[in-house]
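Observations on chain architecture
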Amino acid sequence: MDRIRNLGGLVFLNLRDRSGILQLVIDPNKIPVAKELSLQDCIMAEGEVRERPEKQKNPHLKTGDVELTVKRLEILGKSKVPPFVVEDDVKANEELRLHYRYLDLRRKVMQDHIIFRHKIVTAIREYLNSYNFIEIETPILTRSMPEGARDYLVPSRLYPGKFYALAQSPQMYKQLLMVAGFERYYQIARCLRDEDPRHDRQPEHTQLDIEMSFVDEEDIFKLIEGMFLHIFKKVLNRDLSIPFPRITFNQSIERFGTDKPDLRFGMEIMDMKPFFSEKDFPPFQGKPEIRGLVVKDGKQISRKTLDQLNQEAKKKGLEGIFWAKKDGPVSGSIARIIDENIIHGLNLEDGDLLVVMAGKRDILYFLGRLRNEFAQKLNLISEGFKFLWVYDFPLFEKEPKTGRIIASHHIFTQPKKEDIPYLDKDPLQVKGRLYDLVCNGNELASGSIRNHKRELQEKLFSIAGIDADKYTMLLQALDFGAPPHGGIAPGIDRIVMLLAGLNSIREVIAFPKTTQAQGLLEGIPDFVEPEQLKELHIKLEPT
Ligand code: ASP
């Protein structure tokens with residue numbers, strides 16, 4: 001029961017089910033139980049469907065031309081007064097909604113999100129099945145593996161002191177399925193990672209996990225582009241232009257200051273060295289890089305905002321941001337070095353803002369952030385979906401805290417052939433056969449061509465200081481005629497969120513955890529009985 005109104009001796013109710021709303025009309029004198037009705041009750045009504053009087057028709061409702069005159073009514077399930085009003089424009093805070101998620105999910109908008117998700121997943125299955133892919137489930141209980149995120153561990157009752165780990169992804173198994181000869185595999189797979197809380201991270205998220213044998217990057221790109229074409233047509237009834245543009249990781253950083261650029265607006269980062277390196281301005285002198293942004297109509301960005309950004313840049317150990325506004329005369333922190341040559345060269349027009357940074361390459365990342373912030377502030381972000389592929393990522397990176405060399409995606413990625421000779425000398429220079437699918441500034445998928453030769457895989461383990469013994473199952477399999485293979489794993493939660501035009505993945509997950517990794521509905525994590533711990537041979541230390 002969605003709404004109840006008493007009008008002129010008659011009771012009008014909105015009865016809601018998954019398909020929508022129907023108005024019921026009840027004469028409480030004939031049906032006394034109507035007096036006991038309250039919102040959110042589950043009821044059964046029988047009667048006659050009739051056309052509403054012309055003036056009472058509701059064009060906003062699918063069933064707005066008719067109503068049901070109730071002859072028989074039964075309350076199947078009585079509802080207490082709900083803790084918040086169940087309505088699309090919900091007023092309750094997210095904690096309360098998550099606590100009573102089953103009530104929250106009664107709201108039409110939430111049902112629409114979940115059904116939308118179902119449609120996307122259905123379209124994915126249709127598409128992949130039509131290309132002869134086989135859906136195969138892989139274990140959730142697996143071995144703890146050192147590479148990647150932190151594992152969720154599961155103590156073994158039968159083997160005291162030993163542990164399983166919850167699968168962070170089916171990576172290992174999907175590669176083994178290729179060795180086993182399945183050639184084309186997919187799975188809508190749950191991935192469990194004990195990562196530090198972060199906005200839009202979930203301890204468990206869902207990936208469309210894909211792996212194929214005898215493929216190269218081109219095959220994967222084509223497959224995924226075709227899949228999005230199909231999803232867009234099927235679910236949104238929209239066309240999508242393919243192939244998606246492709247840029248290398250380096251180009252992406254240079255032009256957009258990020259490896260997941262938002263192409264819905266321009267404002268690319270520009271090389272400003274030719275204009276500024278000779279200037280008598282100490283912060284720019286002798287700097288390896290001078291780069292900046294020309295922000296069209298950027299004069300609306302206030303001096304206060306620019307000062308704040310300058311402080312933030314300094315906190316990050318950068319030289320700060322320097323800026324000039326042209327509004328007739330030029331003002332700002334570098335006004336005095338802006339000459340006609342710069343104004344013409346950068347095509348600075350009245351109303352424009354120029355932002356310049358100097359230093360090492362890390363200024364690019366800060367400029368990338370400014371590019372996004374300015375676009376948001378100035379409303380430059382157009383409607384629609386801008387996909388692109390980013391490829392040629394470095395195979396390894398330095399872990400900032402420890403200085404350790406780690407795989408930038410994962411350790412199963414094949415180095416680019418021409419870079420293999422540099423693995424020993426300078427692993428950080430080696431590029432991997434890695435690719436990301438990006439849309440509107442979000443990373444939607446990552447994947448790679450894998451190592452199907454044991455020696456190469458062992459070498460990568462040793463460069464990253466990984467104990468190869470933990471991966472015996474993979475290494476052994478590579479000894480038995482493994483086919484070349486590669487794959488990708490688009491993130492389902494994020495795809496659904498983006499296509500639904502939402503900005504939190506929790507809106508498209510039926511029972512999500514909070515950003516602090518808690519299940520408010522279940523009250524988890526929680527303590528367990530001493531008996532249970534004993535069975536698992538676990539003794540807790542007082543904390
Ligand atoms: N398993 C990888 C991940 O979860 C995806 C892949 O390389 O296919 O990121």
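Scroll up to find the structure.
Just so you know, these numbers come straight off a predicted model, no measurement behind them. (Residues numbered from 1 in each chain as written. Predicted model: local features only at pLDDT ≥ 70, side-chain atom pairs only at ≥ 80, totals over all residues. Heavy atoms only, no water.)

Considerations on the pattern of salt bridges
Applying the stated criterion to the full structure yields 47 salt bridges. The residue R72 makes a salt bridge to E74 at a minimum N-O spacing of 3.5 Å. The closest approach of N and O atoms between D493 and R117, which form a salt bridge, is 2.9 Å. You can see D493 sitting in helix 13 (residues 492–499) and its partner R117 sitting in helix 3 (residues 108–130), a full 376 residues away along the chain. Each of the two residues, D493 as well as R117, counts as buried. A single network of salt bridges, built from pairs that share partners, joins R97, R101, D104, R107 and E507. (Salt bridge = Lys/Arg side-chain N within 4 Å of Asp/Glu carboxyl O. Helix = DSSP H or I, 4+ residues; strand = E, 2+ residues; numbered from the N terminus. Buried < 20%, exposed > 50% of the residue type's maximum accessible area, 1.4 Å probe, protein only.)

Quick word on the packing of helix 3 against helix 5 (residues 217–236)
Running from N to C, helix 3 and helix 5 cross one another at 135°; their axes reach a closest spacing of 9 Å. Regarding the angle of helix 3 to helix 5, the classification is oblique. Once helix 3 is placed against helix 5, the crossing between them reads as right-handed. Here F116, K119, I120, A123, I124, E126, Y127 and L128 of helix 3 come into contact with helix 5, specifically with K222, L223, G226, M227, H230, I231, K234, V235 and L236. (Axes fitted to C-alpha atoms, helices over the stretch in contact; angles between N-to-C directions. Parallel < 35°, antiparallel > 145°, perpendicular 65-115°, else oblique. Left-handed = near helix turned anticlockwise from the far one by under 90°. Contact = heavy atoms within 4.5 Å.)

Observations regarding the layout of surface pockets
Unoccupied space between atoms shows up once a probe the size of one water molecule is rolled over them. Each pocket or cavity is described by its volume, and for the second largest pocket that value is around 870 Å³. Elements supplying a minimum of two residues to the lining of the second largest pocket: strand 1 (3–7), strand 2 (10–17), strand 3 (20–26) and helix 3. Looking at side-chain class alone, the lining of the second largest pocket contains ten nonpolar, ten polar and 14 charged residues. (1 Å grid on protein atoms, 1.4 Å probe; cavity = no way out; pocket = protein on both sides within 12 Å on 5 of 7 lines; lining within 4 Å. Points joined across faces, edges and corners; volume = space filled by probe spheres on them. Nonpolar A, V, L, I, M, F, W, Y, C, P; charged D, E, K, R; others polar.)

Looking at the nonpolar core
Membership of the largest hydrophobic core comes to 43 residues, with the highest contact counts inside it found for L128, I210, I224, F228, I231, F387 and L499. Elements with a minimum of two residues in this core: helix 3, strand 11 (204–213), helix 5, strand 18 (387–391), strand 21 (434–439), strand 22 (442–449) and helix 13. Those residues in contact with L499, other than ones at most four positions away along the chain, are F116, I120, I231, F232, L236 and F385. With 32 residues, the next largest nonpolar core counts I253, L293, F366 and V390 among its residues. (Core = buried A, V, L, I, M, F, W, Y, C linked by side-chain atoms within 4.5 Å.)

Some words on empty space enclosed by the protein
One pass over the structure, following the stated rule, counts two cavities of 30 Å³ or more. The space that makes up the largest cavity amounts to roughly 80 Å³. Split by residue class, the lining of the largest cavity holds four nonpolar, three polar and six charged. Quantified by volume, the second largest cavity comes out at close to 40 Å³. For the second largest cavity, the full set of lining residues is L98, R101, A510, F511, P512, L521 and E522. Residues belonging to the lining of the second largest cavity are distributed by class as follows: five nonpolar, no polar and two charged.

Here we look at the site of the ligand
The environment of the ligand is formed by 13 residues, the closest being Q171, K174, H409, H410 and R450. Here a nitrogen atom of the ligand sits 3.3 Å away from a polar atom, N or O, in the side chain of S169. Alone, the ligand offers 270 Å² of accessible surface; in the complex the protein occludes 91% of this. When contributions to the shell around the ligand are tallied by element, the ones reaching two or more residues are helix 4 (171–179), strand 22 and strand 23 (485–490). When its residues are assigned to classes, the shell around the ligand shows two nonpolar, eight polar and three charged. (Near = heavy atom within 4 Å. Polar contact = N/O pair within 3.5 Å; in protein donor to acceptor, adjacent residues only side chain to side chain. Areas by Shrake-Rupley, 256 points an atom, 1.4 Å probe, with all protein chains shown as cover.)

Here's the deal with unusual backbone geometry
Following I242, the chain continues into P243 via a peptide bond in cis, with omega recorded as -5°. Mapped onto the secondary structure, P243 falls in the loop between helix 5 and strand 12 (246–248). Positioned with a positive phi, F214 is a non-glycine residue whose angle comes to about 60°. Position of F214 relative to the elements: it lies in the loop between strand 11 and helix 5. The phi dihedral of H537 is positive, around 60°, even though this residue is not glycine.

Observations regarding the packing of aromatic side chains
Overall, the coordinates contain 17 aromatic pairs when judged by the stated rule. Ring geometry for F228 versus F387: centroids 5.1 Å apart, planes at 55°, classification tilted. One end of the pair, F228, is in helix 5; the other, F387, is in strand 18, with 159 residues separating them in the sequence. The class of F387 is buried, set by a relative accessible area of 5%. Between F249 and F393, the ring centres sit 5.2 Å apart and the planes meet at 40°, which makes this aromatic pair tilted. In this pair, F249 is assigned in helix 6 (residues 249–256) and F393 in the loop between strand 18 and strand 19 (396–398), connecting sequence segments 144 residues apart. Through successive ring pairs, a cluster of aromatic residues spans F228, F232, F244, F385 and F387. (Phe/Tyr/Trp six-rings, centres within 6.5 Å; stacked < 30°, edge-to-face > 60°.)

Observations concerning the packing of helix 6 against helix 10 (residues 363–377)
Angle between the axes and distance between the axes: these two values describe a pair of packed helices. Two numbers describe how helix 6 lies on helix 10: the axes approach to 8 Å, and their chain directions differ by 60°. Residues F249, I253, E254 and F256 of helix 6 pack against L364, Y365, G368 and R371 of helix 10. Split by residue class, the contact of helix 6 with helix 10 holds five nonpolar, one polar and two charged.

A closer look at the pairing of strand 9 (residues 163–166)
Of the pairings in the sheet, the one linking strand 7 (residues 141–142) to strand 9 comprises two bridges and is antiparallel in character. What sits directly across from L141, in strand 9, is L166. In terms of strand pairing, strand 8 (residues 153–155) meets strand 9 through three bridges, oriented antiparallel. Residue pairing for strand 9: V154 is matched across the bridge by Y164. (Pairing = 2+ DSSP bridges.)

Side note on a nonpolar patch on the surface
A grouping of Y102, F511 and L521 is seen on the molecular surface, where their side chains present a nonpolar patch of about 290 Å² in accessible area. Positionally, Y102 belongs in helix 2 (residues 101–104). Overall, Y102 belongs to the partly exposed group, its relative accessible area being 46%. (Patch = residues over 30% accessible without salt bridge, like charges linked within 9 Å, V, L, I, M, F, W, Y side chains within 5 Å.)

Focus: the environment of F275
Topologically, F275 is positioned in helix 7 (residues 273–276). Along the primary structure F275 and I337 are separated by 62 residues, whereas in three dimensions their C-alpha atoms are 9.9 Å apart. Non-local contacts of F275, meaning those with residues more than four positions away in its chain, are made with N341, I342, G345 and L346.

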